[in-house]
Every structure is written in structure tokens, then in C-alpha cells.
Amino acid sequence: MKMKDRLFHPVKYRYLRFLASQKGYKTTAGLADVIGMSTETLRTRLNDGTAKGASRWRLDEVYRVMDILHEPLENIQLVFPRDGRDSPEMALKIEKAAHDGINIADGKTKKDSVSDIILTHRSGKVNV
């Protein structure tokens, strides 16, 4: 897949990373501290088992992250997709939003763009 003349690279938990970034958690360490886990544990959760001894997200951690990011529980499948992987269409939509500099905290128009990601996911339609 390509987006604006560059190769698209799959990233696990893309929407979680996007939301965390928009909420001001620019580093793994900052988000890990607020969640109450070590930076290394968060990294292994985000990379979903690629490190030796890694484990999957626990339910209490999932709820804590949803609370911290102020995401409604109905969006849990977006923030924590199966196996940490978004559909290619959804991943492109998130990538485009990040590339366009959408900031959830800045006004109605940009919030609508994030809402559009969620609505697009639910309807199964993607307009990239």
C-alpha cells in the first residue's frame, strides 16, 4: 500500500498510538507512567509479544487506557483491535489523519475528523 508516494508500514495499535499522541503523550514513558506500568511493559504490550516474555493486554489495563484517553468503551475495538492490527483501510485512515496534523484538542473541525474515523470504521466505508 502507498500513501502520498511513500510505502505504508503496518504499525500495531496505530489508533491507540494516535490517540495517545493527540492527548499529549508523546513518548511511551509518559503514557506508561500514567497507566501505572513500566515503559518496557508498555512497549511489549504495544508490540504484542515480540519481546521475550511479553504478554498481552490485561482487561484492567485496557479499561485504564480507555479512561486515560477519554475514549468511550464502545470504541474499544478501535483502540484495541484483534491482534493489535487495524484493517488496512482503517490503518490508512488513521495514518492520513495523523499526516494531516489532526489534533483532537483543537476545535470542532479537527474533532469531527477523528469522529469520522470512528464512523467510517462502523459503517465499513473508507474515504482516504
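Just so it is clear, the structure is predicted and the values come from calculations on it, not from any experiment.

1. Section: helix α2 (residues 28-35)
Right, so step 1: For α2, the full list of buried residues reads Leu31, Ala32 and Ile35. Buried residues along α2 cover an arc of 100° about the axis, so they all sit on one side.
Right, so step 2: Within two residues after α2, Gly36 carries a phi angle of roughly 95°, on the positive side.

2. Side note on helix α3 (residues 39-46)
Right, so step 1: Taken as a whole, α3 has its buried residues at Leu42, Thr44, Arg45 and Leu46.
Right, so step 2: The elements touched by buried residues of α3 are α1 (14-22), α2 and α4 (59-68).

3. Remarks on the environment of Arg17
Right, so step 1: Looking at the secondary structure, you find Arg17 in helix α1.
Right, so step 2: Under the relative-accessibility criterion, Arg17 is labelled partly exposed at 31%.
Right, so step 3: Separated by 14 residues in the primary sequence, Arg17 and Leu31 have C-alpha atoms spaced 9.8 Å apart.
Right, so step 4: Apart from the residues lying within four places of it in its own chain, the contact partners of Arg17 are Val11, Lys12, Leu46 and Asn47.

4. As for the packing of α2 against α4
Angle between the axes and distance between the axes are the two parameters that describe a pair of packed helices.
Right, so step 1: The geometry of α2 relative to α4 is characterised by a closest axis approach of 10 Å and an angle of 110° between their N-to-C directions. As far as their axial angle goes, α4 and α2 are roughly perpendicular. In the crossing of α2 with α4, the sense of the turn from one axis to the other is right-handed. Where α2 approaches α4, its residues Leu31, Val34 and Ile35 are matched on the opposing element by Arg64, Val65 and Ile68.
Right, so step 2: Here the residues of the contact of α2 with α4 sort into five nonpolar, no polar and one charged.

5. Re the pattern of salt bridges
Right, so step 1: Following the criterion strictly, the structure yields four salt bridges and no others.
Right, so step 2: Close ionic contact of Arg58 with Glu61 constitutes a salt bridge, the shortest N to O distance being 3.6 Å.
Right, so step 3: Residue class for Arg58 comes out partly exposed when judged on its relative accessible area of 44%.
Right, so step 4: Put simply, Asp60 and Arg64 hold a salt bridge, and the shortest N to O gap is 3.1 Å.

6. Some details on the confidence of the model for the chain
Should the pLDDT be low somewhere, the predicted coordinates at that spot are not to be read in detail.
Right, so step 1: Confidence along the chain averages 75 in pLDDT terms, with 65% of residues attaining 70 or more.
Right, so step 2: When mean pLDDT is compared element by element in the chain, α4 scores highest at 95, while helix α7 (residues 107-123) scores lowest at 52.

The rules we used
- The residue count restarts for each chain, going from 1 along the sequence in the order it is written.
- With the structure being a predicted model, the display of local features is reserved for residues of pLDDT at least 70 and the display and counting of side-chain atom pairs for 80 or more, all residues being used for whole-chain, interface and lining totals.
- For the side-chain quantities, the full set of heavy atoms in the structure was used; hydrogens and water were omitted.
- Only protein chains enter the calculation, and the probe is 1.4 Å; a residue is then buried if its accessible area is under 20% of its type maximum, exposed if over 50%, and partly exposed in between.
- By the criteria applied, helices consist of DSSP H or I runs no shorter than four residues and strands consist of E runs no shorter than two, each listed in order from the N terminus.
- What the arc measures is the spread of directions leading from the helix axis to the C-beta atoms.
- Contacts are assigned to residue pairs with any non-hydrogen atoms lying within 4.5 Å of each other.
- Interaxial angle, 0 to 180 degrees, is taken between N-to-C directions of lines fitted to C-alpha atoms, where a helix line uses only the stretch in contact.
- An angle below 35 degrees is treated as roughly parallel, one above 145 as roughly antiparallel, one from 65 to 115 as roughly perpendicular, and anything else as oblique.
- Working rule for handedness: look at the near helix, and if it is turned counterclockwise from the far one by less than a right angle, call the crossing left-handed; if clockwise, right-handed.
- Residues are sorted three ways: Asp, Glu, Lys and Arg are charged, Ala, Val, Leu, Ile, Met, Phe, Trp, Tyr, Cys and Pro are nonpolar, and all the rest, Gly among them, are polar.
- Salt bridge, as used here: a side-chain nitrogen of Lys or Arg that lies within 4 Å of a carboxyl oxygen of Asp or Glu.
- Known as pLDDT, the predictor's confidence for each residue is given on a scale from 0 to 100.

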